[in-house]
Amino acid sequence: MKMTKTLTAIALGLGILAGAGNAQAAGAGVKPPSQDWSFNGIFGTYDRAALQRGFQVYRNVCANCHSLDLIAFRNLGDLGYNEDEIKAIASSYEVQDGPNEDGDMFSRPATPADRWPAPFPNSKAAAAANGGAVPPDLSLITKARGAGGDSALRVSLFHPGGFALGADYLHALLTGYKEEAPAGFSLPDGKYYNEYFPGHAISMAPPLYEGAVEYEDGTAATTEQLSSDVTMFLAWAAEPELETRKQTGIKVILFLIVLTAMLYALKRKIWSDVH
Ligand code: HEC
């Protein structure tokens, strides 16, 4: 009796979780096409060259409107930049510090320990500069727009690739603008038509176009390339520990396999007299 009750409770719980996941997916509009990200799968890793290009895109384009509050300059070491390069990047930005002895705030060049400086001092200023819409912080955007969004449990249970879904959405959003809204769709003033944005009317003008950034490594900067690179960069920003996490997982599984084999051998040895 107790057992059946527990099972029913578990089944109900899973059902509710699944339902919630579907509701969210339905509200999210057109399903973004899935991409073959290098970080997919259990052996997946980030592509360092793409990360550096993506950082260039964020820095030159997105950073004009979007903050990246959870990333400090020193974190760029993950992308393959060395200490001097990071110092040079940091010192080309000014950050607010203080108060000093006189109680005044002052600006100074950023150091590797500083967080990425936000483009606007507060959300009111951000909204005023963007036709009333606040550009969201991009630190966790690939997680926030993944399946389920708010529930890691739901993502891992029902959409093992939930994190990649967030990346798929971001890539689709950046390449999903249409010059004209379809006939019959009334696009409010100051909005742009986007296939993948829920409701299709977005306040962000298409941020990417061919040649928007001149890549340091000479890669041709097509809209597609810019979009997939910046998505890889933002996926890293949301989950910089992805590679370590996967490596640890693989080591744990290997350890468990070896341990199981040893225990089995031990069991056979101990019971060999009895059989
Ligand atoms: C000129 C300012 C501006 C630039 C540049 C810009 N954005 Fe935006 N972005 C916005 C605004 C404003 C919104 C809010 C749109 C809305 O809510 O309608 C937004 C929203 C977003 C969203 C959230 C969409 C959602 O699902 O809610 C993402 C993701 C995004 N931008 C990514 C980027 C990326 C990546 C870049 C760089 C390639 C970029 N943006 C460049 C202004 C900008």
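Preceding this section is the structure that the text describes.
Before going into details, it helps to say that this report is about the structure given with it. Just so it is clear, the model here is predicted, and its values are computed rather than measured.

**Structural notes on the pattern of salt bridges**
Side-chain pairs of opposite charge can arise whenever the charged atoms involved come near each other.
Thinking step 1. Using the criterion set out here, one finds six salt bridges in the structure.
Thinking step 2. Linking R108 and D97 is a salt bridge whose minimum nitrogen-to-oxygen distance equals 2.7 Å. Of this pair, R108 sits in strand β2 (residues 106-109) while D97 is found in strand β1 (residues 94-97), placing the two residues eleven residues apart along the sequence.
Thinking step 3. D97 sits in the partly exposed class, given a relative accessible area of 27%.
Thinking step 4. For D114, the salt bridge is made with R108, and the minimal N-O distance between the two is 2.8 Å.
Thinking step 5. Overall, D114 belongs to the buried group, its relative accessible area being 14%.
Thinking step 6. Salt bridges sharing common partners tie together R53, D217 and D229.

**Some words on the site of the ligand**
Thinking step 1. Neighbouring residues of the ligand: 23 residues in total, closest C62, C65, H66, Y169 and M204.
Thinking step 2. Side-chain polar atom of Y169 to an oxygen atom of the ligand: 2.6 Å apart, as the coordinates give it.
Thinking step 3. Taken together, the residues that form the shell around the ligand break down as 19 nonpolar, three polar and one charged.

**Concerning the coordination of the iron atom of the ligand**
Thinking step 1. All of the protein donors around the iron atom of the ligand are H66 (NE2) and M204 (SD); their distances to the metal are 2.0 Å.
Thinking step 2. One way to put it: the six donor atoms around the iron atom of the ligand meet at angles of 85 to 177 degrees, and that makes the site octahedral. With a gap of 138 residues between them, H66 in the loop between α2 (48-60) and α3 (83-91) and M204 in the loop between β5 (201-202) and α8 (223-238) connect regions that are remote in the sequence.

Quick notes on the rules
Residues numbered from 1 in each chain as written. Predicted model: local features only at pLDDT ≥ 70, side-chain atom pairs only at ≥ 80, totals over all residues. Heavy atoms only, no water. Salt bridge = Lys/Arg side-chain N within 4 Å of Asp/Glu carboxyl O. Helix = DSSP H or I, 4+ residues; strand = E, 2+ residues; numbered from the N terminus. Buried < 20%, exposed > 50% of the residue type's maximum accessible area, 1.4 Å probe, protein only. Near = heavy atom within 4 Å. Polar contact = N/O pair within 3.5 Å; in protein donor to acceptor, adjacent residues only side chain to side chain. Nonpolar A, V, L, I, M, F, W, Y, C, P; charged D, E, K, R; others polar. Donors = N, O, S within 2.8 Å, 3.2 Å for Na, K, Ca; no water. Tetrahedral: all angles 85-135°; square planar, octahedral: opposite > 155°, others 65-115°.

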